[in-house]
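Per-entry structural report
One letter stands for each residue in the lines below.
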Amino acid sequence: FAQVLPKDKREVVLVLRNVYNQVIGMTGDGVNDAPALSAAQCGIAVDDATDAAKNAAAIILTSPGLSAIYSAVVESRRIFKKLKAYVTYRFAATIQIV
């Protein structure tokens, strides 16, 4: 969304979140991205972003490039899979005891 006003970027994020029930991640580096970064569930600021973008973001990348986002998604899915398996096991064990 280059050459788009900040309020329009925020509006796109809010429509995707609220109307289409999507989980939204937004990357940005400037003051114009700050409203959309704060509206997204996962705002991501790049290493050389402005202070406004870094303050609005949930995650700040410290290495150049966006490959860290892919690694974070893969790792978080792996952790979620393990937690889900553990909760399922504990739930089944509890029912067995009762």
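Everything here concerns the structure above.
Residues numbered from 1 in each chain as written. Predicted model: local features only at pLDDT ≥ 70, side-chain atom pairs only at ≥ 80, totals over all residues. Heavy atoms only, no water.

What follows covers the overall build of the protein. Summing up its helical and strand segments, the protein has 4 helices and 3 strands in all. Order of helices (α) and strands (β) in the protein, N terminus to C terminus: α-β-α-β-α-β-α. At 18 Å, the protein has a C-alpha radius of gyration far larger than the 13 Å of a compact globule built from 98 residues. Among the 98 residues that make up the protein, the fraction classed as buried is 21%. When contacts within the protein are restricted to residue pairs at least 6 apart in sequence, long-range pairs at least 24 apart make up 18% of them. (Helix = DSSP H or I, 4+ residues; strand = E, 2+ residues; numbered from the N terminus. Rg over C-alpha atoms; globule rule 2.2 N^0.38 Å. Buried < 20%, exposed > 50% of the residue type's maximum accessible area, 1.4 Å probe, protein only. Contact = heavy atoms within 4.5 Å.)

Our focus in this paragraph is the environment of Ser-63. Tracing the chain through its elements places Ser-63 in the loop between strand 3 (59–60) and helix 4 (67–97). Sequence spacing of Ser-63 and Asp-29 is 34 residues, and the spatial spacing of their C-alpha atoms is 14 Å.

When you line up the elements, Asp-33 lands in the loop between strand 1 (25–28) and helix 2 (34–39). In this structure Asp-33 comes out as buried when scored by relative accessible area, which is 6%. Those residues in contact with Asp-33 that lie beyond four places of it in its chain are Lys-9, Met-26 and Gly-28.

A few words on the nonpolar core. By size, the foremost hydrophobic cluster in this structure holds 12 residues: Val-13, Ile-24, Met-26, Ala-36, Leu-37, Ala-39, Ala-40, Ala-45, Val-46, Ala-49, Ala-53 and Ala-57. At 3 residues, the largest contribution of residues to this core is made by helix 2. Once residues within four sequence positions are removed from consideration, Val-13 is found in contact with Ile-24, Ala-36, Ala-39 and Ala-40. (Core = buried A, V, L, I, M, F, W, Y, C linked by side-chain atoms within 4.5 Å.)

Now for the sheet that holds strand 2 (residues 42–45). Ordered by their spatial adjacency, 3 strands build an open sheet running 1-2-3, and the pairing between neighbours is parallel. Bordering the open sheet on either side are strand 1 and strand 3, each of which pairs with just one other strand. In the sheet, strand 1 pairs with strand 2 via 4 bridges, with the strands oriented parallel. Bridging across to strand 2, Thr-27 finds its partner in Ile-44. (Pairing = 2+ DSSP bridges.)

Attention now goes to the pairing of strand 1. Two faces, one strand: in a regular strand the side chains alternate between the faces of the sheet. Along strand 1, the buried face is formed by Met-26 and Gly-28; none of Gly-25 and Thr-27, which line the opposite face, is buried. Note that the unit made of strand 1, helix 2 and strand 2 has a crossover that is right-handed. (Right-handed = clockwise from strand over helix to strand, strands pointing away.)

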